[in-house]
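# Reading the structure
Each chain, written out:
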Amino acid sequence: FESIFEVGVDEMLWDDMHKNDMVWPTVREVYEYRKDVYDTVVNAIMNHPSLDDKNGTEPVMVNQNHPMWALFMGFEHERIHLETSSVLFR
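The structure contained in this document is the topic of the report that follows. (Residues numbered from 1 in each chain as written. Predicted model: local features only at pLDDT ≥ 70, side-chain atom pairs only at ≥ 80, totals over all residues. Heavy atoms only, no water.)

## Re the overall build of the protein chain
Across its full length, the protein chain carries three helices and zero strands. Along the protein chain, helices and strands appear, N-terminal first, in the series α-α-α. When each of the 90 residues of the protein chain is scored for burial, the buried share is 8%. Taking the contacts inside the protein chain whose residues are at least 6 apart along the sequence as the reference set, 31% of them involve residues at least 24 apart. Summed over its atoms, the accessible surface of the protein chain is roughly 8,300 Å², and 59% of this surface lies on carbon and sulfur atoms. (Helix = DSSP H or I, 4+ residues; strand = E, 2+ residues; numbered from the N terminus. Buried < 20%, exposed > 50% of the residue type's maximum accessible area, 1.4 Å probe, protein only. Contact = heavy atoms within 4.5 Å. Areas by Shrake-Rupley, 256 points an atom, 1.4 Å probe, with all protein chains shown as cover.)

Below, the structure is given as structure tokens:
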């Protein structure tokens, strides 16, 4: 699924959709994949030792040197998608 989802939508390829020979996953398969990813991310957030703040007594600073930096960049990436898509709902 990663190779399908990593490309996203390229507005320059809409006229070439008839050339797409890809076999797309079913909605159920995508749902299950997204659920597995969600569960994996939640598990990482809840259990990764580098995010343990000792019940609030030791705040965790996530910066570019932190092992979970990529996860936080993913949060920002999703936020940008939501912000960009929000104009469609106005």
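## Points about the side chain of His66
Within the secondary structure, His66 sits in the loop between helix 2 (27-47) and helix 3 (69-85). Residues in contact with His66, not counting those within four places in the same chain, are Ser50, Leu51, Val60 and Met61.

## Things to note about the packing of aromatic side chains
Counted under the stated rule, the structure contains two aromatic pairs. On the numbers, 5.0 Å between centres and 75° between planes, the contact of Phe1 with Tyr33 is edge-to-face. Residue Phe1 is found in the segment before helix 1 (2-5), and its partner Tyr33 is found in helix 2; the two are separated by 32 residues along the sequence. Aromatic side chains Phe72 and Phe75 sit 5.2 Å apart centroid to centroid with 65° between the ring planes, which places their arrangement in the edge-to-face category. Here Phe72 pairs with Phe75, and both are found in helix 3, just three residues apart, close to one helical turn. (Phe/Tyr/Trp six-rings, centres within 6.5 Å; stacked < 30°, edge-to-face > 60°.)

## Some words on the layout of surface pockets
There is about 940 Å³ of room inside the largest pocket. Surrounding the largest pocket, 20 residues form its lining, Arg34, Val37, Gly74, His77 and Glu78 being those nearest its centre. When contributions to the lining of the largest pocket are tallied by element, the ones reaching two or more residues are helix 1, helix 2 and helix 3. Broken down by element, the lining of the largest pocket gets its largest block of residues, nine residues, from helix 3. Residue composition of the lining of the largest pocket, by class: 10 nonpolar, six polar and four charged. (1 Å grid on protein atoms, 1.4 Å probe; cavity = no way out; pocket = protein on both sides within 12 Å on 5 of 7 lines; lining within 4 Å. Points joined across faces, edges and corners; volume = space filled by probe spheres on them. Nonpolar A, V, L, I, M, F, W, Y, C, P; charged D, E, K, R; others polar.)

## Structural notes on the pattern of salt bridges
Tallying each qualifying case throughout the model produces five salt bridges. Asp52 serves as the salt-bridge partner of Lys54, at 3.2 Å between the closest nitrogen and oxygen. With relative accessibility at 40%, the residue Asp52 sits in the partly exposed group. The shortest N-O distance in the salt bridge between Glu83 and Arg79 comes to 2.6 Å. Within this pair, Glu83 and its partner Arg79 are both found in helix 3, separated by four residues, close to a single helical turn. For Glu83, a relative accessible area of 49% gives the class partly exposed. (Salt bridge = Lys/Arg side-chain N within 4 Å of Asp/Glu carboxyl O.)

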